[in-house]
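# Descriptive analysis of the structure
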Amino acid sequence: MALSLGWHIILACFGVAFPAMIFVMHLRGIRKDDPVALGLAQRWAKVSAVLFAIGAVSGTVLSFEMGVLWPGLMGTYGDVLGLPFAFEGLAFFLEAIFLGIYLYGWNRMPPKRHVLMVLPMAVTGIIGAYCVLAVNAWMNVPTGFRIVDGEVTDVEPWKVLFNGHAFLQFAHMWVGAYMLAGFSVAGVYAVGMLRGRRDAHHRLGFMVPFVFASVAAVTQPFVGHVLGFGLDERQPAKLAAFELAETTESPSPLRLGGVLVDGEVKGSIDIPYLGSLIAMNSPDKPVPGLDTIPEEDHPPVNMTHLAFQTMVGIGTLLAAVVAFFWVQRRRGRDLLEKRWFLRFAAVAGPLAVVALEAGWIATEVGRQPWIVYDVMRTTDAVGDYTASLWWLLGVSTVVYTGMTVGAVVVLRSMARRWREGAVDLPSPYAPATATPGEGERR
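I will try to describe carefully the structure that is included in this document. Computed from a predicted model, the values in this text were never measured in an experiment.

For the rest of this paragraph, the subject is the packing of helix H7 (residues 166–194) against helix H8 (residues 200–227). Any two packed helices are characterised by how steeply their axes cross, that is the angle between the axes, and by the distance between the axes. Relative orientation of the contacting elements H7 and H8 amounts to 150°, with a least axis distance of 7 Å. Regarding the angle of H7 to H8, the classification is roughly antiparallel. H8 is crossed by H7, and the crossing has left-handed handedness. When its residues are assigned to classes, the contact of H7 with H8 shows 21 nonpolar, ten polar and one charged.

Looking now at unusual backbone geometry. The omega torsion of the bond from Ser-250 to Pro-251 falls at -5°, within 30 degrees of zero and hence cis. Summarising the element assignment, Pro-251 is placed in the loop between helix H10 (236–243) and strand S3 (254–261). In this structure, Pro-369 follows Gln-368 across a cis peptide bond, with omega equal to 10°. Here Pro-369 shows up in the loop between helix H13 (339–367) and strand S5 (370–372). Look at Asn-107: it is not a glycine, yet its phi comes out positive at around 70°. Of note, Asn-107 is situated in the loop between helix H3 (71–104) and helix H4 (111–116). Judged by relative accessible area, Asn-107 falls into the buried class, the value being 14%. With a phi close to 50°, Asp-154 is a non-glycine residue in the positive phi region. With respect to the helices and strands, the residue Asp-154 is situated in the loop between strand S2 (151–153) and helix H6 (157–161).

What follows covers the pattern of salt bridges. For the structure on display, the rule yields ten salt bridges. Two residues, Arg-28 and Asp-34, come together in a salt bridge whose shortest N-O distance is 3.4 Å. Residue classification places Asp-34 among the buried positions, given a relative accessible area of 14%. The salt bridge partner of Asp-154 is Arg-146, with a shortest N-O separation of 2.6 Å. One connected set of salt bridges, linked through shared partners, spans Arg-198, Arg-203, Arg-329, Asp-334 and Glu-337.

Criteria and thresholds
- Residues numbered from 1 in each chain as written.
- Predicted model: local features only at pLDDT ≥ 70, side-chain atom pairs only at ≥ 80, totals over all residues.
- Heavy atoms only, no water.
- Axes fitted to C-alpha atoms, helices over the stretch in contact; angles between N-to-C directions.
- Helix = DSSP H or I, 4+ residues; strand = E, 2+ residues; numbered from the N terminus.
- Parallel < 35°, antiparallel > 145°, perpendicular 65-115°, else oblique.
- Left-handed = near helix turned anticlockwise from the far one by under 90°.
- Nonpolar A, V, L, I, M, F, W, Y, C, P; charged D, E, K, R; others polar.
- Buried < 20%, exposed > 50% of the residue type's maximum accessible area, 1.4 Å probe, protein only.
- Salt bridge = Lys/Arg side-chain N within 4 Å of Asp/Glu carboxyl O.

As structure tokens, this is what we get:
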């Protein structure tokens, strides 16, 4: 499940964030009669279609895994989680419909109507992501049901869908999606500029997603900080693992790096007072230590701590670099002329992927040993697949490796043909089209 979710979440980020970038690029092309912007919007739409198709496969695998691997969870709480998953499925199908309309609407629809077809794609992508995040938020802060004599009763589906923690957790993921998609797309054009392609196509292709990524990168630390409010009450063991707080200290230091070995913190750099200030919004309020929590309720501390610090460290680095870029640009210095910056921009996408994956590891591993916090343990939710687990993992690895290779081959082939001058790429069963851009100017 970790393999499947870790792979699928990258595509989900493009489904959430990419339509907004396409919309801005397409709208610019119409308003300024800019063929470069129109060409980029059309190409990005085709890339989005490839990613959407692969994401549909991985999403289908996940839907089966939810039932097959977690019979205890779905069998017990299926009625509780049914509404969010149903809405997520509807959002997925609507997104597919409007993606198809947008793809085949080039040169066949009035420009101003055609560009509006992107908006339902963006909205349904957001709705689908919110529904999934609502389920995860419910797992962290369960609500909307009662347990009577071991049976789940009095289910309130709307309370589950709109639980109080869902909006902040979704906001954190939503902003993270713009970071991942924005830096990844901008990085493609940064590589092109490193290879000498410094034309308007590459500069515009870099700037639009980089603007989205910049806003997201600067916003994310504040969203994450607000999300962490009250974690000492909701999940004190997770907070203790984040901060590597083996004992309760007042004031608590901020520990950079380090691991817990035989109940003792080793290898960390401690900054006094900063742990209390960041985690508790107080200069001296202590972070609850693991010594206040029964040992059987401790999460895997080292993995949780290192994943959390990886997320925060990369996020801080990306925010600092984009802030530096825009300050320099305001002073009249164009960092796109600097190879060191283009190299960093090229790796910013993979760094954003690592940060996002690390954030999910911190969230999910930090909740252990609970799958539904303080209600159901993971051992009670998972099925017994001891004999066939490695076979299932092996098959899943082969499937996802094949999809990865297929995606890379298709996208590289598309990029190569575009560089060779192919204006439009053939689509299966599509009628002949006019030269791209003509219909948008008619």
